[in-house]
Amino acid sequence: NFALPGLIDCHVHFREPGLTHKEDFLTGSMAAAKGGITTILDMPNTIPPTTTLAALEEKRRLAAKSIVNYGFNFGASPGNISDIKKAKNIAAVKLYMDYTTGDMKIDDLEFVADVFKASKITIIHAEDISIQNAIEIIIKNKIKNKLHVAHVSSEKELQYAKQNKIKKQVTVEVTPHHLFMNDKDLQHLGSFAEMKPRLKTENDQKALWLGIQNGIVDAIASDHAPHLKEEKEQANYPFGVPGVETMLPLLLDAFNKNRISLPTIQKLCCENPAGIFKIKNKGIIKEGYDADLVVADLDKRQAVRNEDLLTKCKWSPFEGKILKGWPVMTIVNGNVVFNDGKIFDIKAKEVQYAT
Ligand code: DOR
Ligand code: ZN
């Protein structure tokens, strides 16, 4: 067995408030704990969206039922710059430059610049050329704040994010679904493999893995986006796939296939997310740091099975895949919350950030 710092998943959608038929902070956090994740950062595209101080406080109240540590990303929305400046203890501001669940897309590029100026770190959902546009706005306005590009999915997006004058200001995140699937998987999975950004070609998938090897990729995050099976079966299905329970098993399986090292997993899933969002006392195993740990059995071979999943949506695009390497015990703030297949409902805490 092997111990890692608990994973910090800096991109999840736990759907509370407003969409709790898909997930809530208890079910989402139980699924995360089972997946070896000890801290999550939630996204603002809930109902109502987390774009006001009142909505942030309400989400804070609701998240208290989480059994993994949690933090919040505040949403950018026209006219909310003063709330962005006032929001207390947030990881980052999330800004949507392209359409996805929640319809929070911003078209006004002056407002985009204002958000970049107001927030020390902005996470963008930007696809393809929108990434380049974001970089140009930062250069043109001589903005010094940081930019985190969520779910980079193609070779071109990786280039836009990292081949420019400000690449040191920019961090890049990739998801397990873009690493372990490509557009060929759409043939058998259909809408169950449809997310934003869409799965790309095998060549793009290779570019993301190369980015990991070259150190161009800074973080891996699940973009856990649960939707019910019945919703996915509809003609106008919503975009997104669940991911917190399968991210670490997929990566450990990749380790067993010599595709990634354990130190790289630790860097991209623990240390770097803590560093990018300045989360206090997390991401490494060290005296004085929080006792957030995951113990993995690197030799355990098991199939991903829908019936085993704790996410409320109860399906995974990886169902049926036999993976070698599974988390067997998860410790949050010194408390065992997952062991031997069982969940222990011990409440966790909101994370704090260095300023
Ligand atoms: O596929 C996605 N689903 N991409 C996103 O950006 C949002 C997410 C969701 O909230 O469903
Ligand atoms: Zn997302």
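Preceding this paragraph is the structure being described.
Analysis parameters
- Per-chain numbering applies: the sequence of each chain, read as written, is numbered from 1 onward.
- As they are written, the chains are lettered A onward and the ligands numbered 1 onward, keeping that order.
- Predicted model: local features are reported for residues with pLDDT of at least 70 only, side-chain atom pairs are reported and counted for 80 or more only, and whole-chain, interface and lining totals are derived from all residues.
- Side-chain calculation: all heavy atoms of the structure are included, whereas hydrogens and water are not.
- Axis lines are fitted through C-alpha atoms, for helices just across the contact stretch, and the angle between N-to-C directions can take any value from 0 to 180 degrees.
- Numbering of helices and strands starts at the N terminus; helices are DSSP runs of H or I of at least 4 residues and strands are runs of E of at least 2.
- Whether a crossing is left-handed or right-handed is set by the direction in which the near helix is turned from the far one by less than a right angle, anticlockwise for left-handed and clockwise for right-handed.
- Pairs of residues are marked as contacts when any of their non-hydrogen atoms sit within 4.5 Å.
- We treat two strands as partners when DSSP finds at least two bridges between them.
- Only protein chains enter the area calculation, which uses a 1.4 Å probe; residues under 20% of their type maximum are buried, those over 50% are exposed, and those in between are partly exposed.
- The definition of a right-handed crossover adopted here requires that, viewed with the strands pointing away, the path from the first strand over the helix to the second runs clockwise.

1. Topic: the packing of helix 4 (residues 109-118) against helix 5 (residues 129-140)
Line of reasoning, step 1. Close contact between helix 4 and helix 5 brings their axes to 10 Å; oriented N to C, the two are set at 65 degrees. Crossing hand, helix 4 versus helix 5: right-handed. Across the interface between the two elements, Leu109, Val112, Ala113 and Phe116 of helix 4 pack against Ala134, Ile137 and Ile138 of helix 5.

2. Considerations on the side chain of Lys162
Line of reasoning, step 1. Take Lys162: it is sitting in helix 6 (residues 155-162).
Line of reasoning, step 2. With residues near it in sequence (within four places) discarded, Lys162 still touches Lys167, Val170, Thr171, Val172, Ile216 and Asp218.

3. Comments concerning the sheet that holds strand 10 (residues 293-303)
Line of reasoning, step 1. Reading across the sheet, the five strands line up as 1-10-11-12-13 and stay open at both edges, with antiparallel pairing between neighbours. Each edge of the open sheet is held by one strand with a lone partner, namely strand 1 (2-5) and strand 13 (342-343).
Line of reasoning, step 2. The pairing of strand 10 with strand 11 (residues 322-332) spans eight bridges and is classified as antiparallel. Bridging from a neighbouring strand, Leu293 pairs with Ile331 of strand 11.

4. A closer look at unusual backbone geometry
What you tend to see is this: most non-glycine residues have negative phi, and most peptide bonds are trans.
Line of reasoning, step 1. Note that the residue after Glu16, namely Pro17, is joined by a cis bond; omega there is 0 degrees.
Line of reasoning, step 2. One non-glycine residue, His151, lies in the positive phi region at around 30 degrees.
Line of reasoning, step 3. Here His151 shows up in the loop between strand 7 (146-149) and helix 6.
Line of reasoning, step 4. Within the chain, Asn281 stands out as a residue other than glycine whose phi angle is a positive 60 degrees.
Line of reasoning, step 5. With respect to the secondary-structure elements, Asn281 resides in the loop between helix 12 (262-276) and strand 10.

5. A word on the pairing of strand 6 (residues 121-125)
Line of reasoning, step 1. Here strand 6 lies mainly inside the structure; five of its five residues are buried.
Line of reasoning, step 2. Pairing geometry for strand 5 (residues 92-96) and strand 6, over four bridges, is parallel. Bridge pairing links Tyr96 to His125 in strand 6.
Line of reasoning, step 3. Once you follow strand 5 into helix 4 and on to strand 6, the crossover reads as right-handed.
Line of reasoning, step 4. Pairing between strand 6 and strand 7: four bridges, direction parallel. Residue pairing across strands places Ile121 opposite Lys146, the latter belonging to strand 7.

6. Re the sheet that holds strand 3 (residues 37-42)
Line of reasoning, step 1. Ordered by their spatial adjacency, eight strands build an open sheet running 2-3-4-5-6-7-8-9, and the pairing between neighbours is parallel. The sheet is open, and its two edges are formed by strand 2 (7-12) and strand 9 (219-220), each paired on a single side.
Line of reasoning, step 2. Pairing of strand 4 (residues 69-75) with strand 5 involves three bridges; the strand directions are parallel. Within strand 5, the residue paired with Asn73 across the bridge is Ala92.
Line of reasoning, step 3. With respect to the sheet, helix 6 is in contact with strand 7 and strand 8 (170-174), its orientation differing from that of strand 8 by roughly 160 degrees.
Line of reasoning, step 4. Here helix 12 sits on the sheet in contact with strand 2, strand 6, strand 7, strand 8 and strand 9, set at roughly 65 degrees to strand 2.

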